[in-house]
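Topology and contacts: notes
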Amino acid sequence: MEETAPWRAFTAPRVLMYHFFGGPLSGRDPDHLFVTARDFRAQLGSLLGAGWHPVDLDSYLGWWAGSGVRLPRKSFLLTIDDAHRSVVDLAAPVLASFGVPSVLFVPSGLIGGAVCWSEEYAREPIATADELRRLPATGMELGVHGFDHTRLVALDPTELRLHTADARLELERVTGIRARAFAYPYGTHDPTARRAVEDAGFAVSFAVAREHGTFARWRICVDGNDSRASFRFKLTPMYAAASLLGGRAWRARHLVRDRVESVCRATGAGTERLRGE
């Protein structure tokens, strides 16, 4: 299912994407996946203080469906990938304290295990089934992030079923929760993968900077390297336009990244961390 009016993505609620929280077990975080508790609180406070309105998945889907759901112009949906245990210990309580709903994307075949798709993060724990079952009561909906975080590009039909339909069934079997949303591991996908996600019965799926309609909505990656300036810049129309334009070309995506860095330097932010006021 491809959108006939891709310009709507520019006016849609922004979708933020996080990964891990706190600090890494190894002390190393080469991809800057960890956002500290202090920074996370400051980012949420900054969003709400600037008039951004948090929405849940129902409101997000309703807006896209054109079913009469009206949202403030500055609206956002917060999503988290990988189901790292720090989501249970840190992110969920912080989000609940701010009244911000969210969606957590779970690699359902790895529940209760550890990261296995990256040597740099190999010991990082994934939440258990009991921990995941408790999250919806805090305002965090569960979605699917494949079966074991395999990249969904150039896979055969059997492999695609494992990482879409079967992954959805596994999450339901283990937690009792039937997911409505899917997020592509690594944010990558191809037309066959998008069809597999749709055929698996999901209502929506998310990529990163590759907007391809209902089954590959774009998201804004927030990481531990974001300064106050870069975080705020990622919410601007300029960033949205550049990201949507560059989502299908890696050179353009790199220009977006360079633009963020140049804005940080121009404002004197440099490596300044986002801190609470």
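Before reading further, recall that the structure is shown in the block above.
Residues numbered from 1 in each chain as written. Predicted model: local features only at pLDDT ≥ 70, side-chain atom pairs only at ≥ 80, totals over all residues. Heavy atoms only, no water.

**A closer look at the nonpolar core**
One finds Tyr 18, Phe 40, Ile 80 and Leu 104 to be the most contacted residues of the largest nonpolar core, which totals 82 residues. The element best represented in this core is helix 4 (residues 85-98), accounting for seven residues. (Core = buried A, V, L, I, M, F, W, Y, C linked by side-chain atoms within 4.5 Å. Buried < 20%, exposed > 50% of the residue type's maximum accessible area, 1.4 Å probe, protein only. Helix = DSSP H or I, 4+ residues; strand = E, 2+ residues; numbered from the N terminus.)

**Points about the packing of aromatic side chains**
For the structure on display, the rule yields twelve aromatic pairs. With centroids separated by 5.1 Å and ring planes inclined at 70 degrees, the aromatic side chains of Tyr 18 and Phe 40 adopt a geometry described as edge-to-face. One end of the pair, Tyr 18, is in strand 1 (residues 14-18); the other, Phe 40, is in helix 2 (residues 37-49), with 22 residues separating them in the sequence. What makes Tyr 18 buried here is its relative accessible area of 0%. For the pair Phe 20 and Tyr 121, a centre-to-centre distance of 5.8 Å together with 70 degrees between the ring planes defines the contact as edge-to-face. (Phe/Tyr/Trp six-rings, centres within 6.5 Å; stacked < 30°, edge-to-face > 60°.)

**With respect to the packing of helix 2 against helix 4**
Where helix 2 contacts helix 4, the two axes come as close as 11 Å, and the packing angle between them is 25 degrees. It follows that helix 2 is roughly parallel to helix 4 by the angle criterion. Both helix 2 and helix 4 take part in a crossing whose hand is right-handed. Residues Ala 37, Phe 40, Arg 41, Leu 44, Gly 45 and Leu 48 of helix 2 pack against Leu 90, Ala 91, Val 94, Leu 95 and Phe 98 of helix 4. When the residues that make up the contact of helix 2 with helix 4 are grouped by side-chain class, the tally is nine nonpolar, one polar and one charged. (Axes fitted to C-alpha atoms, helices over the stretch in contact; angles between N-to-C directions. Parallel < 35°, antiparallel > 145°, perpendicular 65-115°, else oblique. Left-handed = near helix turned anticlockwise from the far one by under 90°. Contact = heavy atoms within 4.5 Å. Nonpolar A, V, L, I, M, F, W, Y, C, P; charged D, E, K, R; others polar.)

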